[in-house]
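# Coordinate inspection notes
Residue-level listing of the chains:
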Amino acid sequence: MGNCVSLDISCDQTLHHACGCLFGDGNYIHMMEANLEALEKTMQELEKRRDDLLRRVVIDEDKGLQRLAQVQGWFSRKLKEVEGLLAKGVFQVVAEKIPVPKVDKKHFQTTVGLDSMVEKAWNSLMIGERRTLGLYGMGGVGKTTLLACINNRFLEVANEFDVVIWVVVSKDLQIESIQDQILGRLSLDKEWKQETETERASRIKNILNRKKFVILLDDLWSEVDLNKIGVPPPTQENGSKLVFTTRSKEVCKDIEVDDMMEVACLSPDEAWELFQQKVGENPIKSHHDFLPVARKIAAKCCGLPLALCVIGKAMACKETVQEWRHAIHVLNSSSHEFPDYEIGKEKLIKYWIYEGFIDGSRNDDGADNQGYDIIGLLVHAHLLMDGVLTVTVKMHDVIREMALWIASKFGKQKESFCVRSGAQLRKIPKNINWELVRRISLMSNQISEISCSCNCSNLSTLLLQNNKLVDISGEFFRFMPALVVLDLSRNSILSRLPEEISNLGSLQYLNLSYTGMKSLPDGLKEMKRLIDLNLEFTRELESIVGIATSLPNLQVLRLFCSRVCVDDILMKELQLLEHVEILTATIEDAVILKNIQGVDRLASIIRGLCLSNMSASVVVLNTVVLGGLQRLTIWNSKISEIKIDWESNDRGDLICSSSPGFKQLSAVHIVRLEGPTDLTWLLYAQSLRILSVSGPSSIEEIINREKELSISTVHPDIVVPFEKLELLKACNLDELKSICWDPPALPNLRQFYFEGCPKLPEAATKYLRHAWKGV
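Residues numbered from 1 in each chain as written. Predicted model: local features only at pLDDT ≥ 70, side-chain atom pairs only at ≥ 80, totals over all residues. Heavy atoms only, no water.

## Thoughts on the overall build of the protein chain
Along its length, the protein chain carries 25 helices and 27 strands. Buried residues in the protein chain amount to 49% of all 775 residues. For the protein chain, the proportion of contacts with a sequence separation of at least 24, taken over those separated by at least 6, is 59%. About 37600 Å² of surface is accessible on the protein chain, with carbon and sulfur atoms providing 50% of the total. (Helix = DSSP H or I, 4+ residues; strand = E, 2+ residues; numbered from the N terminus. Buried < 20%, exposed > 50% of the residue type's maximum accessible area, 1.4 Å probe, protein only. Contact = heavy atoms within 4.5 Å. Areas by Shrake-Rupley, 256 points an atom, 1.4 Å probe, with all protein chains shown as cover.)

## Some thoughts on helix 24 (residues 705-714)
Turning to helix 24, its buried residues number three or more, namely Glu708, Ile711 and Ser712. What you see down the axis of helix 24 is that its buried residues fit within an arc of 95 degrees, all on one side. Exposed positions of helix 24 whose direction lies more than 90 degrees from the buried face are Glu706, Thr713 and Val714. Elements in contact with the buried residues of helix 24: strand 24 (701-703) and strand 26 (738-740). (Arc of directions from axis to C-beta.)

## Quick look at the pairing of strand 1 (residues 132-136)
Counting buried residues in strand 1 gives five out of five residues, a clear majority hidden from the surface. The alternating pattern of strand 1 places Thr132, Gly134 and Tyr136 and Leu133 and Leu135 on opposite faces, both of which are buried. As paired strands, strand 1 and strand 4 (residues 241-246) are joined by five bridges and run parallel to one another. In the strand pairing of strand 4, Leu135 is matched with Thr245. Here four bridges tie strand 1 to strand 5 (residues 259-262), and the two strands are oriented parallel to one another. Residue pairing for strand 5: Leu133 is matched across the bridge by Asp259. (Pairing = 2+ DSSP bridges.)

## Description of the sheet that holds strand 5
A sheet is described by the order of its strands in space; here five strands give the open sequence 2-3-4-1-5, paired in parallel fashion. Each edge of the open sheet carries a strand with a single partner, namely strand 2 (163-168) and strand 5. When the angles between neighbouring strand axes are averaged without regard to direction, this sheet yields 15 degrees. (Axes fitted to C-alpha atoms, helices over the stretch in contact; angles between N-to-C directions.)

## Some words on the packing of aromatic side chains
Counted according to the given criterion, the structure contains 11 aromatic pairs. A centroid spacing of 6.2 Å and a plane angle of 25 degrees characterise the contact between Trp272 and Phe275, whose relative ring orientation is stacked. Within this pair, Trp272 and its partner Phe275 are both found in helix 12 (residues 268-279), separated by three residues, close to a single helical turn. Taken together, a centroid distance of 5.8 Å and an interplanar angle of 25 degrees make the contact between Trp646 and Tyr684 stacked. Linking Trp646 in the loop between strand 21 (631-645) and strand 22 (667-674) with Tyr684 in the loop between strand 22 and strand 23 (690-694), this pair joins segments that are 38 residues apart in sequence. Residue class for Tyr684 comes out buried when judged on its relative accessible area of 7%. Within the aromatic cluster, the residues linked to one another by ring pairs are Trp122, Phe154 and Phe161. (Phe/Tyr/Trp six-rings, centres within 6.5 Å; stacked < 30°, edge-to-face > 60°.)

## Thoughts on the nonpolar core
Membership of the largest hydrophobic core comes to 108 residues, with the highest contact counts inside it found for Met480, Leu557, Leu621, Leu632, Trp681, Leu691 and Ile702. Here this core gets five residues from one element, more than from any other, and that element is strand 21. With 49 residues, the next largest nonpolar core counts Val141, Trp166, Ala307 and Val321 among its residues. (Core = buried A, V, L, I, M, F, W, Y, C linked by side-chain atoms within 4.5 Å.)

## Looking at the sheet that holds strand 8 (residues 392-394)
Taken in spatial order, the three strands of this open sheet run 6-8-7, and their pairing is antiparallel. Across the chains shown, the open sheet's two edge strands, defined by having one partner strand only, are strand 6 (343-344) and strand 7 (385-386). Bridge analysis of strand 7 against strand 8 gives two bridges, and the strand direction is antiparallel. Bridge assignment links Asp386 to a residue of strand 8, and that residue is Val393.

## Topic: the environment of Trp681
Inspection of the secondary structure puts Trp681 in the loop between strand 22 and strand 23. For Trp681, a relative accessible area of 8% translates into the label buried. Separated by 38 residues in the primary sequence, Trp681 and Lys643 place their C-alpha atoms 7.1 Å from one another. Residues contacting Trp681, with those up to four places away along its chain left out, are Leu632, Ile634, Ile642, Ile644, Val668 and Ile670.

## Comments concerning the environment of Asn431
One can find Asn431 in the loop between strand 9 (417-419) and strand 10 (439-441). The exposed category is assigned to Asn431, whose relative accessible area is 65%. In the structure, Asn431 is positioned 13 residues away from Cys418 in sequence and 9.5 Å away in space, judged by C-alpha atoms.

## With respect to the state of the cysteines
Counted by the stated rule, this structure contains zero disulfides. Cys454 provides the cysteine sulfur closest to Cys456, a residue in no disulfide bond, and the two sulfurs are 3.4 Å apart. (Disulfide = S-S within 2.5 Å.)

## Topic: helix 6 (residues 115-126)
Between its first and last C-alpha, helix 6 extends 16 Å over 12 residues, near the 16 Å set by a 1.5 Å rise per residue. If you check which residues of helix 6 are buried, you get Met117, Val118, Ala121, Trp122, Ser124 and Leu125. Buried positions in helix 6, seen along its axis, are confined to an arc of 165 degrees and lie on one side of it. Counted as exposed and oriented over 90 degrees from the buried face of helix 6: Asp115, Ser116 and Lys120. Where helix 6 is buried, its residues touch strand 1, helix 7 (143-153), strand 4 and strand 5. Directly after helix 6, the chain includes Gly128, whose backbone phi takes a positive value near 85 degrees. (Expected span 1.5 Å × (residues − 1).)

## Quick notes on the packing of helix 8 (residues 175-185) against helix 9 (residues 197-208)
Their axes nearest at 10 Å, the elements helix 8 and helix 9 cross at an angle of 35 degrees. Remark: the crossing between helix 8 and helix 9 carries left-handed chirality. Where helix 8 approaches helix 9, its residues Ile175, Glu176, Gln179, Asp180, Ile182 and Leu183 are matched on the opposing element by Glu197, Arg200, Ala201, Arg203 and Ile204. For the contact of helix 8 with helix 9, the per-class residue count stands at five nonpolar, one polar and five charged. (Left-handed = near helix turned anticlockwise from the far one by under 90°. Nonpolar A, V, L, I, M, F, W, Y, C, P; charged D, E, K, R; others polar.)

## Brief notes about the packing of helix 6 against helix 7
Here helix 6 crosses helix 7 at 60 degrees, and the two axes come no closer than 10 Å. Here helix 6 lies oblique to helix 7, going by the angle between them. Handedness of the crossing formed by helix 6 with helix 7: right-handed. Contact residues: helix 6 offers Met117, Val118, Glu119, Ala121 and Trp122, while helix 7 offers Leu146, Cys149, Ile150 and Arg153. (Parallel < 35°, antiparallel > 145°, perpendicular 65-115°, else oblique.)

Laid out in structure tokens, this is it:
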């Protein structure tokens, strides 16, 4: 852009030239009234045309384009005739685009106790020569809200800055994400989407070097390299500003800010005011006994705004003094700590059961009603949030921190918990107090080896999933007598466990899914209390022969998508496991599939079924004996026809002909299936929430019209396919031409993904896109 001629055309200069061109002295004297009217109109048109053109040129220059010579010439030439100039001032190459406002206003709820902090932060930033400001404080204290207030204050001085940019950073600090937000705010076309990180940085730098900007970074966890992003450092010369929020004072020091300010918790009076706002007046004023109890609950939040808001909202629906007194008891408890990432509801409930939080009694379909009821209450109270799909939930990291804070008796027993998930750790932290710690979460790190020896007499939960573990020494497990939950899943290189695992005499839950396990240690047979063993997606594990003898008390055994396939020998072993209530299995042989459906006790407890490398002309799935089936995967198989049977093994008559389908089947994944041209049998899965089909495959349509009509004639209840579907994925299906002949409403669709389906009409994907946006 350095070769472009800069503009400096004032309105007065333009009008001066216009006056000279429009009339001489004689015309001015004799036709003054008429000329003045024409002049006023023409001047307005000229000024608008000049401003519109200049704005559009600046927008295109921000895209990295160079101003056309004829455009520059039009700006530079002296005006001879206004009418002629207007006629020449039409340029088709300049894109028409509505400019974004300089400041994007943030909306938030009414604040309490923030006014003075906003004023202090504003004065610090705007008075004197300060260019950078760091706002630090614990999670949930109101840093983001304070930053939003500062953002909105720039609306009052919008003319002093060219643009104010808000960027959410978060813990993982993704440079690409930050660049996306900045470039998106600068209202550019999407050309930069295909650029490298370096190219994006250059583009951002070229634009911001010509602007007086403000960058607001929310939730910074570590020092950020502005140069790598492309943001020029704020200086006295460019007049730009940088403000960020962080939980760490050290981050402010690392960035060497001009000023830093702690965002503290609210005073007792401010906290009480906020708590009353969230609860409402009715509960507290309904009875004189409420007031002292309410003040105690508010005091338990120790001035933390997020805790006051969440607990206040939760208490708004409590109408009796007894309920409020129970809330104090709950807040005093140290056993209410929950995970903070997106997690399956079923897995979360398992943790609660094995930790002893709930009793774990299941209903007829194997679900835990108490667990799901608690999750519903937590979602309603805003302590948990729904995940992307309804089978998962997640917890805001600030809520997690608050929960840990409460669980540790407001920081007095911090050493009883160690939660360092996603912290990029390469080794076990040295500052863990092994004698006092009760629960450890080091999930989603980079830990590759554990060689330490520790005495962990109180440790009950150890979460090490999603690391890079290669080796765990036997000494590590030698002194963990109270360990109940051990999760080592998603350590794909971990191929063995030490024999010292036999020392885990209290272990009830062991998750080895997605690991490289080649064999199970002999020491496993000493773990007599183990009731839940997860070996799903263990592609290297060859055999579990002898498991019925080694682990006779197993209640849950998961072999879904494992290399361990059910054969005649394993079928006999499974029947010896008297206490098993939940089974997931992988089957390669169609005969074995038929046989296992002939054993009611085994078939009825199957929750997940993977048909892998199967070759058969016909495969039959019985909806009666497989009544508890929740997940079905068909992988790399050649099956000409998939039939659905709804007859009992004991009787030949129909069982509940009005609703013969799979009651609980919610997820179906099909990968590389050759043979069938349609998947109309999916109509029998009326509770289906996830459907993923990947090729290469012979599938031409998901639901065939003729077959659908045939099924609905026999079973009138089966008329609307995919009514509960939340995720639909189709990839590399060369022959796919149709999803369904009569497009379903898909009222619950949350995600859809199509790639490599060349014969699928564009109208089908447009319809899905419309259905998705309607959710």
